[in-house]
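Inside the fold
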Amino acid sequence: MPALDAPAIHARLCARFGDAVGALAGAGTDANALVPPDRIAEVARFCQTDPDLAFDCLSNLSGVDYPKTSVIEVVYHLYSYRHRHAFVLKVDAPRDNPVVPTVSGVWSHADWQERETFDLLGVIFTGHPDLRRLLMPEDWPGHPLRKDFVEPEEYHGISTSRESLLKA
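Cut-offs used in this document
Residues numbered from 1 in each chain as written. Predicted model: local features only at pLDDT ≥ 70, side-chain atom pairs only at ≥ 80, totals over all residues. Heavy atoms only, no water. Phe/Tyr/Trp six-rings, centres within 6.5 Å; stacked < 30°, edge-to-face > 60°. Buried < 20%, exposed > 50% of the residue type's maximum accessible area, 1.4 Å probe, protein only. Helix = DSSP H or I, 4+ residues; strand = E, 2+ residues; numbered from the N terminus. Lys NZ or Arg CZ within 6 Å of the ring centre and 35° of its normal. Pairing = 2+ DSSP bridges. Axes fitted to C-alpha atoms, helices over the stretch in contact; angles between N-to-C directions. Lys, Arg positive; Asp, Glu negative; His and termini not counted. Salt bridge = Lys/Arg side-chain N within 4 Å of Asp/Glu carboxyl O. Contact = heavy atoms within 4.5 Å.

Considering the packing of aromatic side chains
- Per the stated rule, a full pass over the model turns up 3 aromatic pairs.
- The interplanar angle of 80° and the centroid separation of 5.0 Å between the aromatic rings of Tyr79 and Tyr81 together place this pair among those described as edge-to-face.
- A relative accessible area of 24% places Tyr79 in the partly exposed class.
- Centroid distance Trp140 to Tyr155: 5.2 Å. Interplanar angle 45°. Geometry classified as tilted. Here the residue Trp140 occupies a position in the loop between β6 (124–126) and β7 (154–155), and Tyr155 occupies one in strand β7, the gap between them amounting to 15 residues.
- By relative accessible area, which is 11% here, Trp140 ends up buried.
- The aromatic ring of Phe17 is capped on one face by Arg16, whose charged end is 4.7 Å from the ring centroid.

Spelled out as structure tokens, the structure:
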């Protein structure tokens, strides 16, 4: 089967999940649809196992903080090596309690990408096999990619400020 374009992928998802798949937004490899947090694992499994979609690769999982709308958006970039097509799924989680089911049971490498998103943005991936910080120390205060993050002046008595390496 040849590659599907974004409208065809979106139509296939809507046919299977109905209103659980939001409107098609964007175009080309950035084409995307919003999925409710409680449905992401189910939609992801379908994306991977449906022969016409065959999204065998989660090429990137990341997050974006939108404090003005009180949302942290989790973004899933999918790719099918078999069909050479791509699609993006997005989940909006409430900023004050960002909880999203893991997709590590669908794509095993989501394990590390979810840990990074947890570490830097504070998204809790329920069902994750080993959800702990990946880049920051376990006792680091806060999540550095949140827009309102303020770096502490010191960490365990060590200054976190440093001289700029850029010469004015």
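Here we look at the sheet that holds strand β3 (residues 71–80)
- Pairing within the open sheet is mixed, and its 4 strands lie in the order β1-β4-β3-β2. Of all the strands in the sheet, just β1 (32–34) and β2 (57–66) have a single pairing partner and so form its edges. Each neighbouring strand pair of the sheet contributes to a mean axis angle of 20°, computed without reference to strand direction.
- Bridge count for β1 against strand β4 (residues 85–94) is 3 bridges, and the pairing is parallel. Among the inter-strand pairings, Asn32 is bridged to a residue of β4, identified as Val88.

Topic: the side chain of Arg115
- Mapped onto the secondary structure, Arg115 falls in helix α3 (residues 110–121).
- Buried and unpaired, Arg115 has no salt bridge, with Asp130 as the nearest side chain of opposite charge at 4.0 Å.
- Setting aside residues no more than four positions away along its own chain, Arg115 makes contact with His128, Asp130, Leu131, Arg132, Arg133 and Leu134.

This is a description of form; function is not addressed.
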